[in-house]
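# Tertiary structure, described
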Amino acid sequence: MASSPKGVKKATRRNSNESDRQVSLLASNSKTDFDQQRWLFESKGKYGIGNACWQDDDNKDPKSFAEFMDKPWKPLTRKTSVPASVLSPYRVLVAIRLVTQFFFLSWRLQNPNFDAMWLWGVSISCEIWFAISWLLDQLPKLNPINRATDLVALKDKFESTGRSDLPGVDIFISTADPDKEPPLVTANTILSILAVEYPIEKISIYISDDGGAILTFEAMAEAVSFGNLWVPFCRKHNIEPRNPDSYFTQKTDPTKNKKRPDFVKDHRWIKREYDEFKVRINALPDVIKKRCEKYDRKENTKDKNLSRQKSDSSASAETVQNSKATWMADGTHWPGTWLNPVADHKKGDHAGIIQLMSKVPETEPVMGTEDEGKLDFTDVDVRLPMFVYVSREKRPGYDHEKKAGAMNSLVRASAILSNGPFILNLDCDHYIYNSMAIREGMCFMMDRGGDRICYIQFPQRFEGIDPSDRYANHNTVFFDGNMRALDGLQGPVYVGTGTMFRRYALYGFSPPRATEYSGIVGQRKKPAATLSPSVSLQAVRNQNDDLESASPNEDHPDLNLPKKFGNSTMFVDSIAVAEFQGRPLADHVSVKNGRPAGALLAPRPPLDAPTVAEAIGVISCWYEENTEWGERIGWIYGSVTEDVVTGYRMHNRGWRSIYCITKRDAFRGTAPINLTDRLHQVLRWATGSVEIFFSKNNAFLASSRLKFLQRIAYLNVGIYPFTSIFLVAYLFLPALCMFTGQFIVPNIDATFLTYLLVMTITLCLISLLEVKWSGIALEEWWRNEQFWAIGGSSAHLAAVIQGLLKVTAGIEISFTLTSKSAAEDEDDIYADLYVVKWSSLFVMPLTICITNIVALIMGTARTLFSVIPQWNKLVGGAFFSFWVLAHMYPFMKGLMGRKGKVTTIIYVWAGILSITVSLLWISISPPDDTTAKI
C-alpha cells in the first residue's frame, strides 16, 4: 500500500518529463527565439534551409508547426540606464559639492569682512542664491537614461498584412510673415515632409499662414508641383535628407551607397528641376505684382466702360481707378491680406481660408510610369500625402493669441478633415532630416504603456551655425544633458517644435492611469483615481455636470474634465475616434487600454463640401468664445512661452513625455547666429519664464501627480531669470574689489583657498562626467558657460524687468518675429555673425567689461605705486576680473565685427562708460595727499 503511490508518482513524473521534452520548445517560444539545433534533437525533425522546416507526414500532432513558429511578442522600445561606473561617481560628487558648499557658506557667514561689510554682504547674498540655483538645476539631472527603438518590430506588428494598421499623423507647420520667414525655406520644409517614410494615406500636412499672404500660398502650390517629381525620386533612390536644399548642398559624394544605374541621370535631372523651382519661387513676388497690375487695369477699364454706359460721374470712375486688389492666378480676388491693404483684406482683418493643395491620396499604392527623357518611376509609389493650406479668420477687436491661437485653429480644422490621433508640430524652418523620424516616435506611442504618453520630444539640431558656435546656438548642454535627465523623471519639457503630441492629451483629458505622490519629497506614491477614457468622453458628449462633480480628483483645477469645446458637433464626435485610434495594440496581456489589431485598416472616407464648410467654421475668430480653448484645451494662452506652459499642464494631469534621440538627427533647423538676434531670442524665452513664475502655472502650485524632481525642474524654469540680478552684482564685484583695495573675505588664507579648490575641482569633475553621459564636447560646455554669463547679464535681466512691469503695471510685452533669413553675402554663409546691430541689451554687459578693464588698470597702478602694496588682494581681484572677462570674450568679439571693424556707437558707449566709471571711483574714493607729504 505504501509503495503503490510512489510507483505511480515515478511513472507520472517519467511520462511528464517525456511530454515536457516534446513541447519544451513550444512552451518557451513566446520568450526566446527559435533554436534550430534543439528542435532537431528533441523532435527528430528534418533539416531544412534556414527557417524552412517541415514535419513527417505521419505525424498527427495537433500542434501545427505554423503555431510552433508564431513570432514572439516583442517590445517596440527599450530603456537603458547610464552605466553605474559613470552615474555613481557623478552622484557622489554632487553630494560632496553640496556638503562642501554648505560648510563654505557657513564659514563665510561666520567670518565677515568688517573692513568692507557692504562688499561681504553683496558677495554672500549672491553666493547663497547661486548655491540654490545650482541645486535646482542639479537635482533633476541625477537620473539620466537612454532609449532605443525597434523599427523592424514596428513594421512586423503593424504592416505585416500589406495594408498599414498604423495610426494617422497630422503634421502642423506654422508661419506668419514671408518677409522674415522666406517662402523657399518653408517650401523645402514641406518637401521634406511630403517625402517622409510613413504610410502615405495616414499622413496629413497642415500649414498655418497667420499672415494670410498670397506669396506663401502660391509658394506652397509650387512646392506641391515640384513634389510630384521630388518625392518619387526620394523613394526610388532612398534619398537622405529629403529637404532638397540641404541634400544638394551636402559636401559628401551623392553617389555613395547608390547602386541603381540610372541614379546619375536622375540626380542630374532633378537638380535642374530644383534650380528651376527656386527661380520660380524667387520670381513669385514680381509675378504676383505684375498679375495684380494686369487684372487691375483690366478691371478698371471694364468699370470705366460700364460707367460711361450708365452715364456715371467722373468722380465715381476715379474712385474705381484707385482701387487695387490682389488677384489669384484664376482671376479671383485673394481672400487674405492684399499687397495694398484695405478693409477685410489686411493683417488682422481677413477671412478664413482652407485650401487643399494636394488631394486625399488613394488607399492603394499608385505606381508611376517611365517617362522618356525624364525620370523613370516604374514600380515607385507616386502618391503625395494630403496637404492643406489654412489661414484662420482674423477680425479687429479679437485677441488672436499669436502662435498658440494659430495652433489651436489647426487642431480643430485637422480634427474635422483628417483627425489623426497624433500631431507633429514643426516650425517652418525645421525640416525632417531623418525620414524615419515619425516611425521612431510611433514606437513609443504604440508600445506597452504608450497610452500614458502625452508627447514625444525630439532634440533640436541646427544648421548654419558658425564652426566655433560663438553664442552656444546648438544648446547641446540643454538638449543632450538636461532633457535626457528629465526623461528619467516624468519626461522632458515641450520646447515648441519637433514634438509629436497625442491629440487626446491636447484636449485636456487626464491619462487612463496616473500616480499621485505625497510626502516631503514625494516618497509615497499611490495610483490616482482617474476616470476611464470612455467615461470622460461620455461626460463631454452629455455636457453633464454631475459626472464632472463625481470625479475623485477635485484638489487641483487641472484635474477637472474639459467640457467647453465649442458648438461643433462634428468636432466633439471626433474626440472619441482620435482617442480609440491612438491606443496601442492589445496584443499582450500586459497592454492596458489597447485596441484590436486591424482596426485601422479601413480606408479614409472622402472629404465632402459640408465637412470642409465645418472646418471653415471652427477656424473663425468667434469660435473660441465661451469655450475652454487656451485655458484647459489645446495650446495654453497667456504666455510668450506657450510651449512650456502647455507641456506643464499635461504633466500636471499625470501624463508623461518621452525624449527620443535618434541615431540620425530627426529634425534640423536654423538658429540666429547674430548676437542681437540671439539675445532677443533668449529675452523672449526668459520673459516667458518670468510670466510663468508670477502665474498659476508656477510649479509651487502643481498637483500631486507631478513628481518631486519634475516639480523642481519646472520650478527652475520659472526662477532661472532672477539669477541675473545676483549675477550682475557678482560680475561687478571683482572691479569693486580692485577699486576699493578690499576683498570679499578678510584674508585670502588657506581655509578660503581650500574651500575654493575643493568646490572648483568637484565642479570640474561633475562637468566631465556630465560630458561623458550626455555625449557633449568640452568646448560646447564652455561655450554654454560663457553665454550663460552674457545672456544672464543682458537678456535675463531685461526679462525680469519686463515681467515685473507686466505684473505690477499691466504693461503688455510684444516681441518681433525672429528672422529666418541671413545676411545677403553669397561669399560667406556666416556673414550674419559679424553684423553689429546695436541694442539696449548691450549696455549692461558692455558696462561690466569696461568696468573690469578700468579696474584692472587702476588697481594695478595703485598697488605698484603704493607704499605698502597689498599684492594678495590685487591677485585675488585680478583673478576674478580675468574670470569675468573670459566669460565675456564672445560678447566683446561680437562687438568688434568683421576684422575688428568696430562700429562708431561702440566707441561712443565705451568712452562714456570709461569716463563715468573713472569719475565715480574718484568721487567715491578720492585720492589723499599722504603719499605726497611723505
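Right, let's walk through the structure included here. This one's a predicted model, so the numbers in the text were calculated from it and none came from an experiment.

## Let's talk about the overall build of the protein chain
Regarding its fold elements, the protein chain presents 31 helices and 17 strands. The buried share of the protein chain, reckoned over its 934 residues, is 51%. Here the contacts in the protein chain between residues at least 6 apart in sequence split such that 80% fall between residues at least 24 apart. As presented, the protein chain carries roughly 43,800 Å² of accessible surface, and 58% of it is formed by carbon and sulfur atoms.

## Digging into helix H10 (residues 263-309)
Turn by turn, an α-helix covers 3.6 residues, leaving residues three or four places apart pointing in a common direction. The end-to-end C-alpha distance of H10 is 64 Å, a good match for the 69 Å that 47 residues give at a rise of 1.5 Å each. When the local axis directions of H10 are compared, the greatest deviation, roughly 50°, occurs at leucine 284, which is followed within four positions by the proline proline 285.

## Looking at a nonpolar patch on the surface
Residues Leu757, Ile761, Leu765, Leu768 and Leu778 make up a contiguous nonpolar surface patch of about 440 Å² in total accessible area. A total of 4 residues in the nonpolar patch trace back to one element, the largest contributor, which is helix H24 (residues 750-774). Of note, leucine 765 is situated in helix H24. Since its relative accessible area comes to 37%, leucine 765 is described here as partly exposed.

## Quick notes on the packing of helix H21 (residues 675-693) against helix H26 (residues 795-809)
Put simply, H21 and H26 touch, their axes get as near as 8 Å, and they point 40° apart. The orientation of H21 with respect to H26, classified from their angle, is oblique. Pair H21 / H26 crosses with right-handed handedness. Counting all contacts with H21, which are made through Leu679, Val682, Leu683, Ala686, Thr687, Val690 and Glu691, the residues of H26 involved are Ala795, His796, Ala798, Ala799, Val800, Gln802, Gly803 and Lys806. Taken together, the residues of the contact of H21 with H26 sort by class into 9 nonpolar, 4 polar and 2 charged.

## A word on the environment of isoleucine 912
Of note, isoleucine 912 is situated in helix H30 (residues 904-924). Residues isoleucine 912 and threonine 847 lie 65 residues apart in sequence; the distance between their C-alpha atoms is 9.8 Å.

## Some remarks on helix H14 (residues 476-486)
By the criterion of burial, H14 is predominantly enclosed, with 10 of the 11 residues buried. Restricting attention to buried positions, one finds in H14 the residues Thr476, Val477, Phe479, Asp480, Gly481, Asn482, Met483, Arg484, Ala485 and Leu486.

## A closer look at the packing of aromatic side chains
Applying the stated criterion across every chain yields a total of 50 aromatic pairs. Taking 6.2 Å as the distance between ring centres and 20° as the angle between the ring planes, the aromatic pair formed by phenylalanine 226 and tryptophan 230 counts as stacked. Of this pair, phenylalanine 226 and tryptophan 230 both sit in helix H8 (residues 214-237), separated by 4 residues, roughly a single helical turn. No difference in accessibility class separates phenylalanine 226 from tryptophan 230, as the two residues are buried. A ring pair is formed by tyrosine 507 and phenylalanine 565, whose centres lie 5.9 Å apart and whose planes are at 85°; its orientation type is edge-to-face.

## Considering the pattern of salt bridges
With the rule as written, the count across this model stands at 42 salt bridges. Across the pair glutamate 159 and lysine 155 runs a salt bridge whose closest N-O atoms are separated by 3.7 Å. Residue classification places lysine 155 among the partly exposed residues on the basis of a relative accessible area of 47%. The shortest N-O distance in the salt bridge between aspartate 381 and arginine 383 comes to 2.8 Å. On the accessibility criterion, aspartate 381 (15% relative accessible area) is buried. The network of salt bridges with common partners includes Lys236, Arg260, Asp262, Lys265 and Asp266.

## A short note on the nonpolar core
Counting 129 residues, the largest nonpolar core has Tyr507, Phe509, Phe565, Phe571 and Ile575 as its most contacted members. Per-element tally for this core: the top contributor is helix H23 (residues 723-740), with 10 residues. Discounting chain neighbours no more than four positions away, the residues touching tyrosine 507 are Val411, Ala415, Pro562, Phe565, Phe571, Ile575, Trp629, Arg632 and Ile633. Core analysis: the next-biggest nonpolar cluster, separate from the first, contains 77 residues, Ile190, Phe263, Ile353 and Met445 among them.

Cut-offs used in this document
Residues numbered from 1 in each chain as written. Predicted model: local features only at pLDDT ≥ 70, side-chain atom pairs only at ≥ 80, totals over all residues. Heavy atoms only, no water. Helix = DSSP H or I, 4+ residues; strand = E, 2+ residues; numbered from the N terminus. Buried < 20%, exposed > 50% of the residue type's maximum accessible area, 1.4 Å probe, protein only. Contact = heavy atoms within 4.5 Å. Areas by Shrake-Rupley, 256 points an atom, 1.4 Å probe, with all protein chains shown as cover. Expected span 1.5 Å × (residues − 1). Bend = angle between axes of the 7 residues up to and from the residue. Patch = residues over 30% accessible without salt bridge, like charges linked within 9 Å, V, L, I, M, F, W, Y side chains within 5 Å. Salt bridge = Lys/Arg side-chain N within 4 Å of Asp/Glu carboxyl O. Axes fitted to C-alpha atoms, helices over the stretch in contact; angles between N-to-C directions. Parallel < 35°, antiparallel > 145°, perpendicular 65-115°, else oblique. Left-handed = near helix turned anticlockwise from the far one by under 90°. Nonpolar A, V, L, I, M, F, W, Y, C, P; charged D, E, K, R; others polar. Phe/Tyr/Trp six-rings, centres within 6.5 Å; stacked < 30°, edge-to-face > 60°. Core = buried A, V, L, I, M, F, W, Y, C linked by side-chain atoms within 4.5 Å.

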